[in-house]
Amino acid sequence: MYGMVNKAVEDMVCMQFGESVWEEIKSCAGVDIDVFMSNEAYPDGMTFQLVGAASEVLKIPTEAVLEAFGEHWVLHTAQKGYGGLMQANGSSLSEFLANLPGFHSRVQMLFPKLQPPSFECTDVTEHSLKLHYRTHRAGLVHFVIGLMQGLGKLFNTPVTVHLVESKEQGADHDVFDVKWSNDAIE
Amino acid sequence: MKQDNPHSTSQFGLPPQQFATAFPFHLVLNMQMEILQVGTTLQRICTDILPSVSMDKLFESIRPEGIFCVDWVLENARSFFLFKHRASDLKLRGEFVFLPSENVLLFLGSPWFIDASEIAIHKLSFADFATHDVVVDMLQLFQVNKMALEDANKLSGKLTAQRGVLRLANENLKKQEVKTQQLTSELLRSRDEMAEVVDTINQLKEGIAFLDCDDRFVFTNPEYLRMHKKVIDSVQIGVLFEDHLRALFNAREIVTHIIDCEEWVAKRMAAHRSLPSEFEVVIAGGKTLNIREQFTHSGGIAMVIRDISEQKKLQAQLVHSSKLASLGDMATGVAHELNQPLNIISMAAGNVERTLKRGEFGPEYQLEKMQRIKESVVRASKIIGHLRSFGRDANEAAQPFDPRDAVRGAIGMIGEQLRLSSIELLLALPSKAGAQVFGNALRFEQVLLSLIRNARDELIAHPSGLAPKRIQIVVVFQPQGQVSISVEDNGPGVPVALLENIFDPFFTTKKVGKGTGLGLSVSYGIVNEMGGKIVVVNTSGGARFEIILPTIHQERNPD
């Protein structure tokens, strides 16, 4: 994965628990890197080690870490990294989700080594859609759930996400049922 | 400005609807540079762009510079144009295409941003851009570069901070190195000095041992080990001192009247805990050891053991020779003492002889004379007996005695000499018997004799005019279990400068050959051995030596 992902994990931990905890997590994960370069590709295993170590050090289940990470990615990392691009990708949750496939296509052009997931929206209605998530990586379902929840907060839209088809359960790919309302989050 | 190329392979154009989708920000102008058509997205965000409105009212040209007109456009046909919308900050970048058949100018371009955040400011999204438009990709590229720069800055910052830390650490390291070198050299010097000290200690004839704060052996010199070779295991490093004492007792290395090991250890430990202390012990083989104990700076205990057996022997010899000297010195007095009973015997015998010659038989008279002769013989025998015992070697064991008897004995020896030297003797002895002291009575008598003779010699050497020469001896039993025996004269006193070292060995104020008495240092040793002390003070009219002795009911140092 690109360094920006590991940076996001670092940013989330430092923001919520402090730098010393991050150093402890890195040590636990056996990662000896001071600064992750956003545009540099790092082994996927390193990211999973960091998430696993964060779960161990913070005593939080891995799924919860991934969901929190997904939210953080949308609300902080992506905002900081390509805030303009995020905003330019749509002004509402539905618009953003509709533009998501194109967004990743463009991102992939910029990062040649990127192996991004692909997103596809089907069954689009005014308040729901089916999000098809295809990736060669396993174990990131909860990260996607976190991303959706983060987008709900970003666009001030209450959102519910349910995994309706699971690759882990034998499906071709993961499918999420995403529902939202037009009532703003209080 | 593009011209129709007759050799172009392009044979197809875009229908109006697809053209509008492909160029959502296009403009179509007539030859008067008035708006004929505007792209739908551009019109949505710039609502003042309406048909027939003049271009120069809507935009200003940033590149190239100039005033909007067809000629200006044609002159800069190969350039790209950058306009700024007057009503907003929106910039349009693009090129002009002249369509001679239509006699219109097409401006094909799109908004120019250098930061993606500007898109949202102008109420646009990526979906508003044509897919072929590179502006979106450029914006993302800018963003990627921006992130890379931020990463580089962060890394640079971290490296700078780390370099600062390293520089500081390096400086500290250098300082530490200098300090370490200093400490090392000091340590080496201390080690050499320590080795020298240890070497010296190891060569001493005294046994030296150090105990730590927990009372365990941490150092013993060879002499100490030699002194304790029979209990060598009990003086190894780490052994508890108390266990060493038990080993000494159980190995019968200590001569003591105490039969219970723990009782003796408890007594010895009591002395060990009230430091500094100095005492003597007699060990197996009759040797006498002097033991000094005191605290060290680190809270441990230093012990020095000295074999004083030889010193004791010499002291005894000195006492004996001093006594022999005294006997010669006292011959006059003794002769006088003996003369009295001899005269009585002579006279009584003469009287009996006369009556017998006259034939006067008065048994009562003769019996009375015989009784006087008998009494005088007893008296003479006593004097001779005392002389005999005084001349013996005084190595007898210590035992309780009445200090007044020692005073009487000494006076009996020297009293006549004082009288012949016109020295008045004042004697104040308690009439009632008090507590006894513990020691060798003859040795103590010799101490008293020595003090009296010193006083006599001083009085003779320094006559004080008409004042009568006087020596006063006072014995006082003190209530706190002590007895004081003082010898005071009315001579010139001890010079102040000499008061401090008067008890040092070989100290004397007499001329060579005159000092036949017992040295004050030996007197000091005898009194000390009895658990007492001797001090000297100058009074208003002479010198006073005072001996303080514990009575035998008082606690004495353990063996």
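Conventions we followed
Residues numbered from 1 in each chain as written. Chains lettered and ligands numbered in written order. Predicted model: local features only at pLDDT ≥ 70, side-chain atom pairs only at ≥ 80, totals over all residues. Heavy atoms only, no water. Salt bridge = Lys/Arg side-chain N within 4 Å of Asp/Glu carboxyl O. Helix = DSSP H or I, 4+ residues; strand = E, 2+ residues; numbered from the N terminus. Buried < 20%, exposed > 50% of the residue type's maximum accessible area, 1.4 Å probe, protein only. Core = buried A, V, L, I, M, F, W, Y, C linked by side-chain atoms within 4.5 Å. Pairing = 2+ DSSP bridges. Axes fitted to C-alpha atoms, helices over the stretch in contact; angles between N-to-C directions. Contact = heavy atoms within 4.5 Å. Expected span 1.5 Å × (residues − 1). Parallel < 35°, antiparallel > 145°, perpendicular 65-115°, else oblique. Left-handed = near helix turned anticlockwise from the far one by under 90°. Patch = residues over 30% accessible without salt bridge, like charges linked within 9 Å, V, L, I, M, F, W, Y side chains within 5 Å. Areas by Shrake-Rupley, 256 points an atom, 1.4 Å probe, with all protein chains shown as cover. Lys, Arg positive; Asp, Glu negative; His and termini not counted. Charge placed at Lys NZ, Arg CZ, Asp CG, Glu CD. Polar contact = N/O pair within 3.5 Å; in protein donor to acceptor, adjacent residues only side chain to side chain. pLDDT = per-residue confidence, 0-100. Buried area = accessible area lost by both parts, 1.4 Å probe.

(A) Structural detail: the pattern of salt bridges. Residues and elements named next belong to chain B. This structure, assessed with the given rule, holds 23 salt bridges over all chains. Among the salt bridges present, the one from Arg-44 reaches Asp-128, with a minimum N-O distance of 3.2 Å. Placement of Arg-44 in helix α2 (residues 40-45) and of Asp-128 in the loop between α5 (117-121) and α6 (135-203) is noted, with a sequence separation of 84 residues between them. For Arg-44, a relative accessible area of 45% translates into the label partly exposed. Residue Arg-246 pairs with Glu-242 through a salt bridge whose shortest N-O separation is 3.0 Å.

(B) Main features of the nonpolar core. Of all hydrophobic cores here, the largest spans 58 residues; its most connected members are Trp-73 and Val-178 of chain A. In this structure, Ile-485, Val-487, Val-522 and Ile-547 of chain B belong to the second largest nonpolar core, which totals 39 residues.

(C) Representation of the sheet that holds strand β15 (residues 469-478) of chain B. Residues and elements named next belong to chain B. Spatially, five strands are ordered β13-β15-β16-β18-β17 in an open sheet, and the strand pairing comes out mixed. Looking along the sheet, the strands with just one partner apiece sit at the ends: β13 (423-428) and β17 (533-539). For this sheet, the mean inter-axis angle between neighbouring strands, taken without regard to orientation, is 15°. Looking at chain direction, β15 and strand β16 (residues 482-489) are connected through eight bridges and run antiparallel. For Ile-471, the partnering residue across the bridge sits in β16 and is Asp-489. Packed on one face of the sheet, helix α14 (residues 441-461) meets β13, β15, β16, β17 and β18 (542-550) and runs near 150° to β15.

(D) How the structure looks around the pairing of strand β2 (residues 128-134) of chain A. Residues and elements named next belong to chain A. Burial of β2 is extensive: five of the seven residues sit out of reach of the surface. Alignment of strand β1 (residues 118-122) against β2, held across five bridges, turns out to be antiparallel. Counted as the bridge partner of Ser-118 is Arg-134 from β2. Between β1 and β2, which pair antiparallel and follow one another directly, the connecting turn spans five residues, one of which, Asp-123, has a positive phi of 50°. Relative to strand β4 (residues 174-180), β2 is paired through six bridges, and the arrangement is antiparallel. Paired with Ser-128 across the two strands is Lys-179, which belongs to β4.

(E) Structural detail: helix α1 (residues 3-17) of chain A. Residues and elements named next belong to chain A. Between the first and last C-alpha of α1 there are 21 Å, a value that for 15 residues agrees with the 21 Å anticipated at 1.5 Å per step. The buried fraction of α1 amounts to 11 of the 15 residues, a majority that puts the element mostly inside the structure. Considered for burial, the residues of α1 that qualify are Gly-3, Met-4, Val-5, Asn-6, Lys-7, Ala-8, Val-9, Glu-10, Asp-11, Met-12 and Val-13. Count one or two residues on from α1 and you reach Gly-18, which has phi positive near 100°.

(F) How the structure looks around the packing of helix α2 (residues 19-29) of chain A against helix α3 (residues 44-58) of chain A. Residues and elements named next belong to chain A. Running from amino to carboxyl end, α2 crosses α3 at an angle of 120°, the nearest separation of the two axes being 8 Å. On the basis of the axis angle, α2 is oblique to α3. Classified by chirality, the crossing of α3 by α2 is right-handed. On α3, the residues that touch Val-21, Trp-22, Glu-24, Ile-25, Lys-26, Cys-28 and Ala-29 of α2 are Gln-49, Leu-50, Ala-53, Ala-54, Glu-56, Val-57 and Leu-58.

(G) Structural view of a negative patch on the surface. Together, Asp-192, Glu-193, Glu-196 and Asp-199 of chain B make up a negatively charged patch on the protein surface. Positionally, Asp-199 of chain B belongs in helix α6.

(H) Layout of the sheet that holds strand β3 (residues 59-63) of chain B. Residues and elements named next belong to chain B. Spatially, β2-β1-β6-β5-β4-β3 is the arrangement adopted by the six strands of the open sheet, whose pairing is antiparallel. Two strands bound the open sheet, and with one partner strand each, they are β2 (35-38) and β3. Each adjacent strand pair in this sheet contributes to an overall mean axis angle of 30°, direction not counted. Where β3 and strand β4 (residues 81-85) come together, four bridges link them in antiparallel fashion. Bridge assignment links Glu-60 to a residue of β4, and that residue is Lys-84.

(I) Examining the side chain of Asp-133 of chain B more closely. The residue Asp-133 of chain B is located in the loop between α5 and α6 in this model. Of the side chains bearing the opposite charge, Arg-93 of chain B lies closest to the buried Asp-133 of chain B, which forms no salt bridge; the N-O distance is 7.4 Å. A distance of 2.9 Å separates polar atoms of two side chains, one belonging to Asp-133 of chain B and the other to Ser-110 of chain B. Excluding anything up to four places from it in sequence, Asp-133 of chain B contacts Arg-106 of chain A together with Ser-110 of chain B.

(J) Representation of the confidence of the model for chain B. Residue and element names in this part refer to chain B. Of all residues in chain B, 89% attain a pLDDT of 70 or more, and the chain-wide mean is 84. Looking over chain B, one finds the lowest element-wise mean pLDDT in helix α10 (residues 309-329), namely 70, and the highest in β2, namely 96. Of the regions scoring below 50 in pLDDT, residues 554-559 engages in 19 contacts with residues more than four places distant in sequence or in other chains. Both confidence scores are given for the complex: pTM 0.46, ipTM 0.73.

(K) Representation of the interface of chain B and chain A in the model. With 26 residues of chain B at the interface, the matching set in chain A holds 26 residues. Buried surface at the junction of chain B and chain A, summed over both partners, amounts to about 2100 Å²; 58% is from carbon and sulfur atoms. The largest per-residue losses of area from chain B upon contact with chain A belong to Gln-140, Met-147 and Asp-151 of chain B, which jointly make up 27% of the total buried on that side. Joining chain B to chain A, the criterion identifies three residue pairs in polar contact (both at pLDDT 80 or more). For the side of chain B that touches chain A, the elements supplying multiple residues, two or more each, are α5 and α6 of chain B. The element best represented in the side of chain B that touches chain A is α6 of chain B, accounting for 15 residues.

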